[in-house]
Amino acid sequence: QVQLVESGGGLVQAGGSLRLSCAASGRTFTVYAMGWFRQAPGKEREFVAAIRWSVRSTYYADSVKGRFTISRDNAKNTVYLQMNSLKYEDTAVYYCAAGIERAVRTDNGGYDYWGQGTQVTVSS
């Protein structure tokens, strides 16, 4: 089992920045990739970004490319999502996820463990 705890959400004005953190514990040696997803009210959960646990390969949704940066600190077993130039449409609950499959997936089904989510609200 892998446990994930997100933090760093909050309220920010459009154009501002936030950094989300996801601390992993448990059998982290089984993790191949980490991802961030988000779910806005009335919408399905969507992929935001992903990173391989062992090498610095990153993947982004087109909607956040150039504004968001995913990174990880293996020593701390923590993954970050730096969000800059935030827009109203970025408002959502953001979830951290960990996958053990040896592939970086951009769909919900590609991840085995999920955090509880953290709310990000961007005011226009």
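Located above this text is the structure these notes cover.
Residues numbered from 1 in each chain as written. Predicted model: local features only at pLDDT ≥ 70, side-chain atom pairs only at ≥ 80, totals over all residues. Heavy atoms only, no water.

Chemist: Is there a simple way to explain the side chain of T28 in this structure?
Modeler: Along the chain, T28 falls in the loop between strand 3 (18–26) and strand 4 (33–39). T28 sits in the buried class, given a relative accessible area of 12%. (Helix = DSSP H or I, 4+ residues; strand = E, 2+ residues; numbered from the N terminus. Buried < 20%, exposed > 50% of the residue type's maximum accessible area, 1.4 Å probe, protein only.)

Chemist: Would you mind going over the sheet that holds strand 3 with me for this structure?
Modeler: As a general point, the strands of a sheet are linked pairwise by backbone hydrogen bonds and lie either parallel or antiparallel. Pairing in this open sheet of four strands is antiparallel, and the strands run 1-3-8-7 from one edge to the other. Both edges of this open sheet fall to strand 1 (2–7) and strand 7 (68–73), since each of them pairs with a single strand only. In this sheet, adjacent strand axes meet at a mean angle of 15° when their direction is disregarded. For strand 7 and strand 8 (residues 78–83), the ladder comprises six bridges, and the chain directions are antiparallel. (Pairing = 2+ DSSP bridges. Axes fitted to C-alpha atoms, helices over the stretch in contact; angles between N-to-C directions.)

Chemist: What should I look at first to understand the side chain of S21 in this one?
Modeler: Within the element layout of this structure, S21 appears in strand 3. Excluding its chain neighbours within four sequence positions, the residues that come into contact with S21 are V5, E6, S7, W36, T78, V79 and Y80. (Contact = heavy atoms within 4.5 Å.)

Chemist: Mind showing me how you'd approach the packing of aromatic side chains here?
Modeler: For any two aromatic rings, the description comes down to two numbers: the centre-to-centre distance and the angle of the planes. By the definition in use, this model includes four aromatic pairs. With a centroid separation of 5.7 Å and an interplanar angle of 75°, the aromatic rings of F37 and F47 are classed as edge-to-face. Linking F37 in strand 4 with F47 in strand 5 (residues 46–52), this pair joins segments that are 10 residues apart in sequence. Residue F37 is classed as buried on the basis of its relative accessible area, which comes to 1%. Note on F47: relative accessible area 11%, which makes it buried. Ring plane angle 75° and centroid distance 5.3 Å describe the contact between F37 and Y111, whose orientation is recorded as edge-to-face. Within this pair, whereas F37 is found in strand 4, its partner Y111 is found in the loop between strand 9 (92–99) and strand 10 (113–114), the two being separated by 74 residues in sequence. (Phe/Tyr/Trp six-rings, centres within 6.5 Å; stacked < 30°, edge-to-face > 60°.)

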